[in-house]
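What follows is each chain in one-letter form.
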Amino acid sequence: MAYDPLSTALKFGFLAVLFLFLLVIARSSFRDLKRTAAPAPDATGFHAAPAYAEVQGGVDAWLIAERGGGLTRDERFDLLGGLSIGRSKDADIQIDDRYASGVHARLFSREGRHFVEDMKSTNGTLLNGSNLSGEAELVDGDTIQIGDTVFRFEAS
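Residues numbered from 1 in each chain as written. Predicted model: local features only at pLDDT ≥ 70, side-chain atom pairs only at ≥ 80, totals over all residues. Heavy atoms only, no water.

A.B. asks: Sorry, what's going on with the sheet that holds strand β6 (residues 113-118) here?
C.D. replies: Across a sheet, strands are paired by hydrogen bonds formed along the backbone, either parallel or antiparallel in direction. A sheet is described by the order of its strands in space; here five strands give the open sequence β4-β3-β5-β6-β9, paired in mixed fashion. The strands lining the two open edges of the sheet, one partner per strand, are β4 (93-94) and β9 (135-137). Both strand β3 (residues 83-86) and strand β5 (residues 105-110) contribute to a ladder of three bridges, which runs antiparallel. Along β5, the bridge assignment pairs Ser-84 with Arg-106. (Pairing = 2+ DSSP bridges. Helix = DSSP H or I, 4+ residues; strand = E, 2+ residues; numbered from the N terminus.)

As structure tokens, then:
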């Protein structure tokens, strides 16, 4: 009988510690969510973003093979509807490059502007010689390099 008050106190103490632990975990999770809720910045640092008035809708654009990947030099790929590049048979442009992932990168258009996005590939994608993380807007003459394969973006 002498242990009943001590046992009850330990049970409530354990519950209090458990409650505090769960409170700290929940608070930490909410802080992480708030920190990542901010939208990504428009500027990527690869080149200056054009003003909205300069953007023309319905621009024809091509991806042109410069070298590597088992592709013919100056082979043109129309970007209408977007493209995926990689070693996989599921990729729109299949390249024979040991540094390329199955679906390595994709090109797409949004609001009349064209973008390239690295699909979290193992070896990364270079845009104008700089590492690309996520997506970046393409400007006429930009080069995209996947391993030893190089493409040039052209817009008219």
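A.B. asks: Sorry, what's going on with the pairing of strand β10 (residues 143-146) here?
C.D. replies: For a regular strand, side chains alternate in direction, first toward one face of the sheet and then toward the other. Across the two faces of β10 the burial differs, with Ile-144 and Ile-146 buried and Thr-143 and Gln-145 not buried at all. Taken together, the two bridges between strand β7 (residues 125-127) and β10 define a ladder with antiparallel strand orientation. If you follow Leu-127 over to β10, its bridge partner there is Ile-144. In this sheet, strand β11 (residues 149-155) lies alongside β10 in antiparallel orientation, the contact comprising four bridges. Opposite Gln-145, over in β11, you have Val-150 as the bridge partner. (Buried < 20%, exposed > 50% of the residue type's maximum accessible area, 1.4 Å probe, protein only.)

A.B. asks: Any chance you could explain the nonpolar core here in plain terms?
C.D. replies: Soluble globular proteins: nonpolar side chains tend toward being buried together. With 22 residues, the main nonpolar core has Leu-63, Ile-85, Ile-93, Ile-95, Leu-107, Ile-144 and Phe-151 as its most contacted residues. Put simply, the parts of the chain that give this core at least two residues each are β1 (61-67), β3, β5, β10 and β11. Among the elements that make up this core, the one with the highest residue count is β1 (three residues). Not counting chain neighbours up to four residues away, the residues in contact with Ile-85 comprise Leu-63, Ala-91, Ile-93, Ile-95, Val-103, His-104, Ala-105, Leu-107, Ile-146 and Phe-151. (Core = buried A, V, L, I, M, F, W, Y, C linked by side-chain atoms within 4.5 Å. Contact = heavy atoms within 4.5 Å.)

A.B. asks: Whenever I open this one, the pairing of β1 confuses me. Can you help?
C.D. replies: Counting buried residues in β1 gives five out of seven residues, a clear majority hidden from the surface. Summarising the sheet, β1 and β11 pair through six bridges and their orientation is antiparallel. Opposite Arg-67, over in β11, you have Val-150 as the bridge partner. Bridging between β1 and strand β2 (residues 76-78) involves three bridges; their strand directions are antiparallel. From the neighbouring strand, Trp-62 faces β2, where its bridge partner is Asp-78.

A.B. asks: Sorry if this is basic, but what is going on with the sheet that holds β10 here?
C.D. replies: Taken together, the six strands give an open sheet; going across it, the order is β2-β1-β11-β10-β7-β8, and neighbouring strands pair in antiparallel fashion. Only two strands of the sheet have a single neighbouring strand rather than two, namely β2 and β8 (130-132). Put simply, the sheet's adjacent strands are angled 30° from each other on average, direction ignored. (Axes fitted to C-alpha atoms, helices over the stretch in contact; angles between N-to-C directions.)

A.B. asks: For this particular structure, what's the right way to read the confidence of the model for the protein?
C.D. replies: Atom-level detail of predicted coordinates should not be read off regions where pLDDT is low. Here the protein averages 83 in pLDDT, and 83% of its residues register 70 or above. Counting contacts from residues 52-56, a segment whose pLDDT is below 50, to residues more than four positions away or on other chains yields five contacts. (pLDDT = per-residue confidence, 0-100.)

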